[in-house]
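# An overview of the molecular structure
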Amino acid sequence: MSSDQNAALKKVLKPIHLWAIAVGLVISGEYFGWNYGWGVSGTVGFLIATLVVTLMYVTFIFSFTELTTSIPQAGGPFSYSQRAFGWLGGLVAGYATLVEFLVTPPAIAFALGSYTHFLYPSLEVLDVAFACYVIFILINLLGIKESAMFSLVVTLLAVGELLIYIGIVAPHFSYETFVTEPMPFGWPGVFAALPFAIWFYLAIEGVAMVAEEVEDPKRTISRGYIYGILTLVVLALSVMIFTGGVAHWRLLSEIDYPLPAALGIVLGRDSALTQLFASLGLFGLIASFHGTIIGYSRQIFALARAGLLPSFLGNVNARFQTPHWALIAGGLAGCVALKLGTTDQVIILAALGAVVMYIISMAALFALRRKEPGLERPFTVPAYPYFPLIALVLSIVCLIAIVYYNVLLSLWFFAGLILVTILYMATGRHKVVENSMAGTEHLK
C-alpha cells in the first residue's frame, strides 16, 4: 500500500452527507447506553438531566459551527484551540478529542456484540466486536465519498427504524409507569446521570473532523450541523420518554439492548417484529460505529500532521486518499479498550473527554472573537455571547458532576493528559509548534 505524506484529503461531501455523518455519529446513543442513566436517577431525574444536556448541545452546536466554518481543518477542536491559546491549548483539546473518539467506538462495538448475541446466542459479544473493527476499517480505507454514502444509507435506515419503534411503543405508553419511582436518588441522581444524557448527543462535533473534505465548507457545514442536532433532539426525547412509559425503568437500566427489550415487553420476546427490530437495530449502531471511525482517524491524522503524534500517522494513502495508518492505529487502541473496560465505564470516559473539549472550544471562541476580530466568519453564532456562555457553563457543570461521581476514571484521564504534556515538552515539540505559529503570525 503506497502512501504520500503530501497527498490531500478529497473535497467531495455535500450537506446531505454531513447530516448523515452528524446523525450517524450519534444515533447509536438512542439505541443503548442512555438507559444506564435511569439506574442512577430514575425516569424523571433522567428527563431533567437530558433537558439540561439538550440545552447544552443546542447552544454548543450553534457556537461550534462558527469555529468549524471559520477554520475548516481536520483537527477540529485542536486547530481552534491551538490558534486561540497556542500549543498547550491545542494539546489539551487534541488529547480530550482523541480520548472521546478512541473510546466511543469500543462502547458501540460492545453494543453491536450484545445485539448480535441477543439474536444469535452462539456468537460471542467480543468476537463480534473485534470483527466489526476489521470490517469497518476496511470500508473506511476505500475513500471518504464511499464512506459517506455508506453513512447516508445506514443513517436513513436507522432514523426510519427509530420512527417505527416510536410508533409501536407510543400506544402502550403509561404515564403511571413513567412516574413510578421518578427520582429515587433525588437531585444528586440528576447530576450522576449527566454523562449518560450526554451519550444521547456525544460525538456530533465529529463533523468538524471531515471539514477538509467538504465541498463549499462555509455553507455546507452549518446546514449539516443544524439539521443534525434538530433531528437528534426529537429522536432522543421521544425514544427516552416513550420507552420509560412501557415498563418500570429498573427492568431496562442495566442492559445494552433496551429497545428490543422494551419491544419484547410490548409484543413478546418471540414476536417476529421484536426479532426483526433487533436485527435492524444494528443499523443505528453500525452508523455510529462507522462515523466514529471516520472521526478518530481524522483526529489522529491532524495531530500527527501537527507533530503531536508520530509523523507516519499523518500519511495519506496515494490511491484512496484516506489516512490509512491513522485508521489502523485507532482500531488497535479500540480493541485494547474492548478487553479492558465495561460499557458504562467507556461511556463515562468518552463523556469526560467530550466536556473537556467543549469547555476549551467555547473558551477558544471567546478568545478568537477578541484576538482575531477580522477573521472571516461565514456563520456567526446567534445570541452571542449568551449561546456560547450557556454551553460553557453547562459543560463545566457536567465536568464537575462526572469527576465527582467517577473519581478514579477522572484521575486516569487527567494523569494521561499530564503525562502527554510532559512528554511533549521533554521532546521539545512545543518549541517547533511555537516557531511555526510565530511564522504564521508573521505571514499574516
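A brief look at the structure comes next. Since the model is a prediction, treat every value here as computed from it, not as a measurement.

Thresholds, definitions, all that
Residues numbered from 1 in each chain as written. Predicted model: local features only at pLDDT ≥ 70, side-chain atom pairs only at ≥ 80, totals over all residues. Heavy atoms only, no water. Helix = DSSP H or I, 4+ residues; strand = E, 2+ residues; numbered from the N terminus. Rg over C-alpha atoms; globule rule 2.2 N^0.38 Å. Buried < 20%, exposed > 50% of the residue type's maximum accessible area, 1.4 Å probe, protein only. Contact = heavy atoms within 4.5 Å. Areas by Shrake-Rupley, 256 points an atom, 1.4 Å probe, with all protein chains shown as cover. Lys, Arg positive; Asp, Glu negative; His and termini not counted. Charge placed at Lys NZ, Arg CZ, Asp CG, Glu CD. Core = buried A, V, L, I, M, F, W, Y, C linked by side-chain atoms within 4.5 Å. Axes fitted to C-alpha atoms, helices over the stretch in contact; angles between N-to-C directions. Left-handed = near helix turned anticlockwise from the far one by under 90°. Nonpolar A, V, L, I, M, F, W, Y, C, P; charged D, E, K, R; others polar. Expected span 1.5 Å × (residues − 1). Salt bridge = Lys/Arg side-chain N within 4 Å of Asp/Glu carboxyl O.

What follows deals with the overall build of the chain. Within the chain one finds 17 helices and two strands. For the chain, the C-alpha radius of gyration of 21 Å lies close to 22 Å, the compact-globule estimate for 444 residues. In terms of overall dimensions, the chain has C-alpha extents of about 65 × 45 × 40 Å along its principal axes. Residues classed as buried in the chain amount to 61% of the 444 residues present. Expressed as a percentage of contacts within the chain between residues at least 6 apart in sequence, the contacts between residues at least 24 apart total 85%. As displayed, the chain offers around 16600 Å² of accessible surface, 69% of which is attributable to carbon and sulfur atoms. Of the side chains in the chain, 21 bear a positive and 23 a negative charge, and the two mean positions are spaced by 12 Å.

A separate point is the nonpolar core. In terms of nonpolar packing, the biggest core is built from 154 residues, with Tyr57 and Ile198 touching the most fellow members. Broken down by element, this core gets its largest block of residues, 21 residues, from helix α4 (residues 77–119). The contacts of Ile198, once residues within four sequence positions are left out, are Val53, Met56, Tyr57, Ala351, Val355, Cys398 and Ile402.

Before going further, it helps to examine the packing of helix α3 (residues 36–70) against helix α14 (residues 343–371). Put simply, α3 and α14 touch, their axes get as near as 11 Å, and they point 30° apart. Considering how the two elements wind past one another, α3 and α14 form a crossing that is left-handed. Counted together, Tyr36, Met56, Tyr57, Phe60, Ser63, Phe64, Glu66 and Leu67 of α3 and Thr343, Asp344, Met357, Tyr358, Ser361, Met362, Leu365, Leu368 and Arg369 of α14 form the full contact between these two elements. When its residues are assigned to classes, the contact of α3 with α14 shows eleven nonpolar, three polar and three charged.

Over its 20 residues, helix α16 (residues 407–426) runs 28 Å from end to end, which matches the ideal 28 Å to within 8%, given 1.5 Å per residue. Phi for Gly428, located one or two positions after α16, is positive at around 75°.

Next up on the list: the pattern of salt bridges. A complete count under the given rule lists four salt bridges for this structure. Its salt-bridge partner being Arg83, residue Glu372 comes within 2.9 Å of it at the nearest N-O pair. Placement of the pair is Glu372 in the loop between α14 and α15 (386–405) and Arg83 in helix α4, with a sequence separation of 289 residues. For the salt bridge of Glu181 with Arg250, the shortest nitrogen-to-oxygen distance reads 2.8 Å. Of this pair, Glu181 sits in the loop between α7 (175–178) and α8 (186–192) while Arg250 sits in the loop between α10 (217–244) and α11 (258–267), and the two are 69 residues apart along the sequence.

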